[in-house]
Amino acid sequence: MMLAFVILTLFSVLILFLGFAKQRNLIIPVSLLAVILAIGSIYTKQTFWNHYLADMIDTEGYASVISLLILCTGLGLIPFLHLFQKRGNEELGDFLGIFLFALMGGMLMVCSQNYMILFLGIEILSLSMYVLAGADRRKVKSNEASLKYFITGSFTSAVFLFGIALIYATRGSLSYLQVSGHGDVITDLAFIFIFVSFALKIAIVPFHFWAPDVYEGTPTLFTAAMSTVVKVAAFGALFRIIQFNQAILPVWLDWFFAILILATLLLGNIMAMSQRSVKRLLAYSGIVQAGFILFGFIHLTGDTAWVVIYYLLAYTLSSLVCFIIVHFVEEQSGSDDIDSFTGLASSNPTLAILMTLALISLAGGPLTAGFIAKLFVLNQAVVYGFASLVVVAVISTLMSVYYYYKIINAMFSQSADQKWNTPLIYKGILLIFILITISAGVVPGWFTLYFK
Amino acid sequence: MNHIPEIIKTIPFDHYLILSAALFFIGMIGVLVRKNIIIVFMCIEIMLNAVNLLLVASAAYRGDAAGQVMVLFIMAVAAAEVSLGLAIIVMLYKNLQTTNIDLFNQLKG
């Protein structure tokens, strides 16, 4: 699987050159080829590279499953990036090259076994994302989103690095594998820094303030990448830190997560209710979903990680579909306000139905992946004695139905005058996402078997 | 060159820890309080350098190279980060003609 990193890096450079050489028609096929080759190389076993990176990168087990999820997200998103060029952005090659770098950084994060590699992965992913956030460089909103993301992101990295430095000062090693002994005050402090930096990266209340602004300003297709690839990679890396450092983790860790979950579920939902912009609404919805994923981190061990991965899959699929449809609507009406969704069911019925199914999955409606995923994580919380939090979670789900229904209501309530259409291939890709969502909801066994 | 770790060790380790923590929090407060983006960037650099100081001191005390290698990585990444940040500021300045953070207020709600 180490080959996947090499393939992605080489192809990113190649695509940057293709953009430079004005070979625009080749850019999308070559990037798709790169991601497909990388996915294929996950299943190959090479030992050649392991010699050079002994104990730094681990590509077995969950690392490869989450990497596969990241790469498949990229594979699903790349065809849509073609639309970005049509809007007069000539720099498609640059953005696709950088997007492949982002995928590589995300994979590096979830495969890391050493804080040094983790740091490099975070930086490769974040630096790429700062550029993609500012992709619409003539729009002030996009510039501003890029700057806000950049400042919070580099602040986050500094906090994370201070945590690492404290761990290194007390433990004398940057590797996860040489963890021994018990925690002490400095180690607890270091883990506070590390977990706060991850909460900032994932956008969990009270560290969420940047997310709605950045999501709103970023070009919508890159918002889709930001809300899926970055969150999956950050959760994957957090999972690895917790898995390997069991011995020295603070004893109050479950309570720390419980407080974050409580704040996230309540405040995230309350803030989401008053939003008019659908992108901001989906940003808050992403914050709430991240709170639900944190349920899976209560008493996390290698045996229960599949719960988190299943939720990540369900969230990624629905979130991608929602943001891509927001992109189409935004192209058509020029704004992402909830009013521009009015009458979507009569002007473009396919998109309206797909969007409805994705929103139902986000809300946790039965027969979708979202429902089963919520069931799994809440079960986890009940088993480990946080039953009162589950009550909050159920109330929060009911609250979230309100704002998801607001969008569905807008789409189906009135009829619009004009009809507009989207190319068949894009509808097909969205349909595949929705079919996976539904099949994961109807027969979750297929997926959980693979994740275990 | 061999005796540089010994020179570093003439100062107790706690002092390095306290100094770097102080630098880190000065930088953190700067990021949260200052209004000019260039100053905010400098404060982030102060935070990163506080981390570097702590890593180098612990590496010298432990006689372990990993911390120093990490410092090299941090410096390289910080350079990339600053060049990207300055590019973003130039992009914003071309559109808005200012570097005051309070005027970047198009995104809210």
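What counts and how
- Residues numbered from 1 in each chain as written.
- Chains lettered and ligands numbered in written order.
- Predicted model: local features only at pLDDT ≥ 70, side-chain atom pairs only at ≥ 80, totals over all residues.
- Helix = DSSP H or I, 4+ residues; strand = E, 2+ residues; numbered from the N terminus.
- Rg over C-alpha atoms; globule rule 2.2 N^0.38 Å.
- Buried ≥ 20, exposed ≤ 12 C-beta atoms within 10 Å, placed from the backbone.
- Contact = placed C-beta atoms within 7 Å.
- Nonpolar A, V, L, I, M, F, W, Y, C, P; charged D, E, K, R; others polar.
- Core = buried A, V, L, I, M, F, W, Y, C linked by C-beta atoms within 7 Å.
- Expected span 1.5 Å × (residues − 1).
- Arc of directions from axis to C-beta.
- Axes fitted to C-alpha atoms, helices over the stretch in contact; angles between N-to-C directions.
- Parallel < 35°, antiparallel > 145°, perpendicular 65-115°, else oblique.
- pLDDT = per-residue confidence, 0-100.
- Left-handed = near helix turned anticlockwise from the far one by under 90°.

Caption draft 1: Representation of the overall build of chain A. Check the secondary structure of chain A and you find 18 helices and 0 strands. Taken over C-alpha atoms, the radius of gyration comes to 21 Å for chain A, in line with the 22 Å a tight globule of 452 residues would show. Taking the principal axes of the C-alpha coordinates as reference, chain A spans close to 70 × 55 × 40 Å. Burial analysis of chain A (452 residues in total) assigns 57% to the buried set. Sequence separation of at least 24 residues holds for 81% of the intrachain contacts in chain A that already meet a minimum separation of 6.

Caption draft 2: Up close: the overall build of chain B. From N to C terminus, chain B includes 4 helices and 0 strands. Mapped in sequence order, the helices and strands of chain B form the string α-α-α-α. Seen through its C-alpha atoms, chain B measures out along the principal axes to roughly 55 × 25 × 25 Å. With 109 residues in all, chain B has 28% of them scored as buried. A fraction of 51% describes how many contacts in chain B between residues 6 or more apart in sequence connect residues 24 or more apart.

Caption draft 3: The arrangement of the interface of chain A and chain B in detail. Every contact between the two is made by 35 residues of chain A and, on the other side, 33 residues of chain B. At the level of secondary structure, the elements contributing two or more residues to the side of chain A that touches chain B comprise helix H5 (115–133), helix H6 (140–171) and helix H8 (210–217) of chain A. Broken down by element, the side of chain A that touches chain B gets its largest block of residues, 17 residues, from H6 of chain A. In the side of chain A that touches chain B, the residues fall into 19 nonpolar, 9 polar and 7 charged.

Caption draft 4: Structural view of the nonpolar core. Within the largest apolar cluster, 202 residues are counted, with the highest numbers of intra-cluster contacts made by Tyr311 and Val321 of chain A together with Val51 of chain B. Per element, the largest residue contribution to this core is 20 residues, and it comes from helix H12 (residues 305–333) of chain A. Setting aside anything within four residues of it in sequence, one finds Val51 of chain B in contact with Ala158, Leu161, Phe162 and Ala165 of chain A together with Ile74 of chain B.

Caption draft 5: Region of interest: the environment of Thr223 of chain A. Checked against the element boundaries, Thr223 of chain A lands in helix H9 (residues 220–244). In this structure the C-alpha to C-alpha distance between Thr223 of chain A and Leu320 of chain A, which are 97 residues apart in sequence, comes to 9.2 Å.

Caption draft 6: Expanded view of helix H2 (residues 24–42) of chain A. Residue and element names in this part refer to chain A. For H2, which comprises 19 residues, the first-to-last C-alpha distance of 28 Å matches the rise-based estimate of 27 Å (1.5 Å per residue) to within 8%. Where H2 is concerned, the buried positions are Ile27, Ser31, Ala34, Val35 and Ala38. Within H2, the buried residues cover an arc of 90° as seen down the axis, which keeps them to one side. What points out from H2, more than 90 degrees from its buried face, is the exposed set Asn25 and Pro29.

Caption draft 7: Region of interest: H9 of chain A. With 25 residues, H9 of chain A extends 36 Å from end C-alpha to end C-alpha; this agrees with the ideal 36 Å at 1.5 Å per step. Of all the 25 residues making up H9 of chain A, 21 are buried; the element is thus mostly covered by neighbouring parts of the structure.

Caption draft 8: Just the packing of H5 of chain A against helix H4 (residues 66–96) of chain B, in detail. Contact geometry for H5 of chain A and H4 of chain B: axes closest at 11 Å, N-to-C directions at 5°. Of the possible angle classes, the one that applies to H5 of chain A and H4 of chain B is roughly parallel. The residues of H4 of chain B that touch H5 of chain A, namely those facing Met116, Phe119, Leu120, Glu123, Leu127, Tyr130 and Val131 of chain A, are Met70, Phe73, Val77, Ala80, Glu81, Leu84 and Ile88 of chain B. Here the residues of the contact of H5 of chain A with H4 of chain B sort into 12 nonpolar, no polar and 2 charged.

Caption draft 9: Highlighting the confidence of the model for chain A. This prediction gives chain A a mean pLDDT of 90; 98% of its residues lie at or above 70. Mean pLDDT values for the elements of chain A range from 81 in helix H18 (residues 444–451) of chain A up to 95 in H5 of chain A.

Caption draft 10: Quick peek at the environment of Leu449 of chain A. All names here are of chain A. Within the secondary structure, Leu449 is located in helix H18. Taking the number of C-beta atoms within 10 Å as the measure of exposure, Leu449 has 9 and is therefore exposed. Along the primary structure Leu449 and Trp306 are separated by 143 residues, whereas in three dimensions their C-alpha atoms are 9.0 Å apart.

Caption draft 11: View of unusual backbone geometry. Residue and element names in this part refer to chain A. Looking along the chain, the bond that leaves Val205 and enters Pro206 is cis, with omega of 5°. The residue Pro206 is located in the loop between helix H7 (185–202) and H8 in this model. Unusually for a residue other than glycine, Ala203 sits at a positive phi of about 70°. With respect to the helices, strands and loops of the structure, Ala203 is situated in the loop between H7 and H8. Among the residues examined, Ala203 registers 27 C-beta atoms within 10 Å and is labelled buried. Positive phi, close to 70°, is recorded for Leu367, a residue that is not glycine.

Caption draft 12: Region of interest: the confidence of the model for chain B. All names here are of chain B. For chain B, the average pLDDT comes to 88, and 96% of its residues sit at 70 or higher. Taken element by element, chain B is modelled with least confidence in helix H1 (residues 4–9), mean pLDDT 79, and with most confidence in helix H2 (residues 13–33), mean pLDDT 94. Quick note on the complex model: pTM equals 0.94, ipTM equals 0.94.

Caption draft 13: Examining the packing of H6 of chain A against H8 of chain A more closely. Residue and element names in this part refer to chain A. Axis separation between H6 and H8 bottoms out at 8 Å; the angle between their running directions is 145°. Crossing geometry of H6 relative to H8 is assigned as left-handed. Contacts from Lys141, Ser142, Glu144, Ala145, Lys148, Tyr149 and Thr152 in H6 reach Trp210, Asp213, Val214 and Gly217 in H8. For the contact of H6 with H8, the per-class residue count stands at 4 nonpolar, 3 polar and 4 charged.

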